[in-house]
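Residue-level listing of the chains:
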Amino acid sequence: MGSSSSSFPPRNIYLDVDGKVQKVVFSRHCSPCDIKELLCSSSNLPRNSAIKIVNPEGAMVSIDATMPTNSPNFLYKVIPLSTGQSEEREDMFQSVLSQVAEQFTRAFRINELKTEVTNRLVALEKRVEMEGLKVVEIEKCKNDLRKLRDEVTSRGGSRVNCSCKYNFSDDGKKVTPRRDVPTYPKYTLSQETIEALKKPTFDVWHWEHNEMLSCLEFMYHDLGLVKEFNMNPIILKRWLLAIQENYRNNPFHNFRHCFCVSQMMYGMIHLCNLQGKLTLTDLGILMTAAVCHDLDHPGYNNTYQINARTELAVRYNDISPLENHHCAVAFQILSLPECNIFANIDPEAFKKIRQAIITLILATDMARHGEILDGFKQKVDHFDFTNEEHVLCLRRVLIKCCDISNEVRPTEVAEPWVDCLLEEYFMQSDREKSEGLPVAPFMDRDKVTKPTAQIGFIKFVLIPMFETVMKLFPQIEEIMVQPLRDSRDHYEELKQLEDSMTEESSFMSRLRKDLKSE
């Protein structure tokens, strides 16, 4: 990422050395000292000789990277300065240096400053050493606590719950993130990257976490959200870091998935020209809900939470336990002063924004898919952007589109996500089998394949939803809907290939059996 530096052609100088033409080439980035050494070497003089350059007219030529070029017909001559001149100039230079050094010493008391700086460095080193010891002690205490918790859990003999980074105390007080938020380097996005970010074809696999954080930060600035909500840019950085910290390293529901959904939301905002149709508050709600929508996802879905009677399912009465937890963690983070990007807005405005973000995150529960899509279908043919209820329906459908939009992307970007999702599904089904819980066929490693997992989902969930959105935004057909149709055809071809191979294998098996019986 970043802008490339411009390149400069080298400079050519022609010298008269003992009656012969000597060509000297150097870069514009060379220092005068480097150029002098090069000219001395070319003129068979010691490298540290004091020299001057004159042209055929006897005029002196400056020795630096900007010196005028000449031609073989207009040769420069290198003339060494006499020893006396050189020594005289050296003595004068040393005298001036001594006077300047003495004046600086008097003016700034350099010796006293050196002593003070040394003392401060020693004090800081001691402090760092003490802080380091504290960190070691804290980590030791954390390890002891983990061991104690594991021991208590094992003694209890109950089923292991899906743990959460956030624990909610009985009095409802907030807790802080599991460790301090560090800083991350600032990346300068190239114009090519900025344009790519606005498109569904963006390849999310080529970016490290720090780069994804910088991209998210850019999106908030580019959409005008930092200015609209009077966000402190440093707090925006801390908030994004806290968000990243609270996504687990699951195969699928991880920080890269968060970035993927947020980038698709940013892309749809540009593709559908939502900046000209919705308010900046609406855009802020959409982006923030996308960023927070899967916070602290444990890698096991709502069905598992409810069947296993986990802490989350009990807490939220089996009603969208994961989505409720994502909301709770999101606002736990925002409740920290150092992470509150909405600190500078009116409390009443924040209350509305909070409710809107919660509504969108809860809308990502696939159990509510039919209800939400049907509500939007009833309004899409006579949609009114000035009607709050219509806009709410649109926001819910948009976050749903972005949340499950992987198949909109090019095959080489989308297909690895299928592998990640199946890996997470298989982890859950293996655990369900070991705990004697019901296993969904589409998550069972013994029953599902990549084509069977995708065909029904694309045909009956993705395409109908995106085609409904296409009625309001026809421009998405080529860029988003057609790739879904292509993906469906791709997996149907794979399914046919799988079926034919299975049939062939079955036929060969029967044939071998018949031959053995004969």
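Residues numbered from 1 in each chain as written. Predicted model: local features only at pLDDT ≥ 70, side-chain atom pairs only at ≥ 80, totals over all residues. Heavy atoms only, no water.

## Some details on the overall build of the protein
For the protein, the count of helices and strands is 18 helices and five strands. Here the protein, with 518 residues, has 42% of them falling under the buried criterion. Summing over all exposed atoms, the protein offers an accessible surface of approximately 29,100 Å²; the carbon and sulfur share of this is 52%. (Helix = DSSP H or I, 4+ residues; strand = E, 2+ residues; numbered from the N terminus. Buried < 20%, exposed > 50% of the residue type's maximum accessible area, 1.4 Å probe, protein only. Areas by Shrake-Rupley, 256 points an atom, 1.4 Å probe, with all protein chains shown as cover.)

## Some points on the pattern of salt bridges
Should the charged atoms of two oppositely charged side chains come close, the side chains can pair. Counted under the stated rule, the structure contains 17 salt bridges. K198 serves as the salt-bridge partner of E195, at 3.8 Å between the closest nitrogen and oxygen. Taking the relative accessible area as the measure of exposure, E195 reaches 33% and is therefore partly exposed. Two residues, K495 and D499, come together in a salt bridge whose shortest N-O distance is 2.9 Å. Here D499 and K495 lie together in helix α18 (residues 476-517), a separation of four residues that amounts to about one turn. By relative accessible area, K495 is classed as partly exposed at 25%. The exposure class of D499 is partly exposed, given its relative accessible area of 37%. Within the structure, one salt-bridge network assembled from shared partners comprises E415, D419 and K450. (Salt bridge = Lys/Arg side-chain N within 4 Å of Asp/Glu carboxyl O.)

## So, the pairing of strand β3 (residues 51-54)
Where β3 and strand β5 (residues 77-80) come together, four bridges link them in antiparallel fashion. Of the residues in β5, the one forming a bridge with I51 is P80. In this antiparallel pair of consecutive strands, β3 and strand β4 (residues 60-61), the connection spans five residues, and G58 shows a positive phi of 90°. (Pairing = 2+ DSSP bridges.)

## Let's talk about the UniProt feature "binding site: Zn(2+) 1" (unreviewed entry) in the protein
Here the UniProt feature "binding site: Zn(2+) 1" (unreviewed entry) sits at H257, H293, D294 and D403. These annotated residues cover 147 residues of sequence, but their C-alpha atoms sit close together, with the largest distance between any two at 10.0 Å. Looking at where H293 falls in the secondary structure, it is placed in the loop between α9 (280-292) and α10 (302-307). Setting aside chain neighbours within four positions, we find H293 in contact with Y247, H257, C258, V261, H326, I361, T364, I399 and D403. The residue D403 is located in helix α15 (residues 388-403) in this model. With relative accessibility at 12%, the residue D403 sits in the buried group. If near-sequence neighbours (up to four positions away) are discounted, D403 is found in contact with H257, V261, H293, D294 and T364. Among the polar contacts listed, one links the side chain of D403 to the side chain of H293, at a separation of 3.0 Å. (UniProt positions renumbered as here; feature names shortened; annotations may be inferred. Contact = heavy atoms within 4.5 Å. Polar contact = N/O pair within 3.5 Å; in protein donor to acceptor, adjacent residues only side chain to side chain.)

## Quick notes on the UniProt feature "active site" (unreviewed entry) in the protein
Residues annotated in UniProt with the feature "active site" (unreviewed entry) correspond here to H253. With respect to the helices and strands, the residue H253 is situated in the loop between α7 (233-245) and α8 (255-271). Owing to a relative accessible area of 15%, H253 belongs among the buried residues under this scheme. Beyond its immediate chain neighbours, meaning those up to four positions away, H253 contacts R248, D294, H297 and E424.

## Section: the confidence of the model for the protein
Chain-level statistics for the protein give a pLDDT mean of 85 and a share of 80% at 70 or above. Here residues 1-6 is a poorly scored stretch, pLDDT under 50, and it has nine contacts once near neighbours within four places are set aside; other chains count. Segment residues 156-181: pLDDT under 50, and 56 contacts once partners within four positions in sequence are set aside and those in other chains are kept. (pLDDT = per-residue confidence, 0-100.)

## Comments concerning the sheet that holds β4
Taken together, three strands build an open sheet; the order of strands is β4-β3-β5 and the sheet is antiparallel. Two strands lie at the open edges of the sheet, namely β4 and β5, each paired on one side alone.

## Some points on the packing of helix α16 (residues 411-434) against helix α17 (residues 450-472)
Orientation of α16 relative to α17, taken along the N-to-C sense of each, is 105°, at an axis distance of 11 Å. The orientation of α16 with respect to α17, classified from their angle, is roughly perpendicular. Side by side, α16 and α17 meet where E415, V418, D419 and L422 of the first sit next to K450, A453 and Q454 of the second. Of the residues that constitute the contact of α16 with α17, the class distribution is three nonpolar, one polar and three charged. (Axes fitted to C-alpha atoms, helices over the stretch in contact; angles between N-to-C directions. Parallel < 35°, antiparallel > 145°, perpendicular 65-115°, else oblique. Nonpolar A, V, L, I, M, F, W, Y, C, P; charged D, E, K, R; others polar.)

## Describing the packing of helix α14 (residues 369-380) against α15
Where α14 meets α15, the closest approach of the two axes is 9 Å, and the angle between their N-to-C directions is 135°. Taken as axis vectors, α14 and α15 run oblique relative to one another. Helix-helix and strand crossings are classified by hand; for α14 and α15 the assignment is left-handed. Two secondary-structure elements touch here, α14 through H369, I372, G375, F376 and K379 and α15 through E389, H390, C393, L394, R396, V397 and K400. Split into classes, the residues belonging to the contact of α14 with α15 amount to five nonpolar, three polar and four charged. (Left-handed = near helix turned anticlockwise from the far one by under 90°.)

## Comments concerning the environment of L274
Mapped onto the elements of the fold, L274 is located in the loop between α8 and α9. The class for L274 is buried, based on a relative accessible area of 0%. When sequence neighbours within four positions are dropped, the list of residues in contact with L274 reads M268, I269, L283, L398 and F473.

## Focus: a nonpolar patch on the surface
A grouping of M92, V96 and V100 is seen on the molecular surface, where their side chains present a nonpolar patch of about 260 Å² in accessible area. Structurally, M92 is set in helix α2 (residues 83-108). (Patch = residues over 30% accessible without salt bridge, like charges linked within 9 Å, V, L, I, M, F, W, Y side chains within 5 Å.)

## So, the environment of K23
Examined against the element boundaries, K23 turns out to sit in strand β2 (residues 20-26). A relative accessible area of 45% places K23 in the partly exposed class. Considering only alpha carbons, one finds K23 and L75, 52 residues apart in sequence, at a separation of 9.8 Å. Dropping the residues within four chain positions of it, K23 is found in contact with N12, I13 and Y14.

## Side note on the side chain of N302
Position of N302 relative to the elements: it lies in helix α10. Among the polar contacts listed, one links the side chain of N302 to the backbone nitrogen of L322, at a separation of 2.9 Å. Other than its neighbours up to four places away in sequence, N302 contacts S320, P321, L322, E323 and D365.

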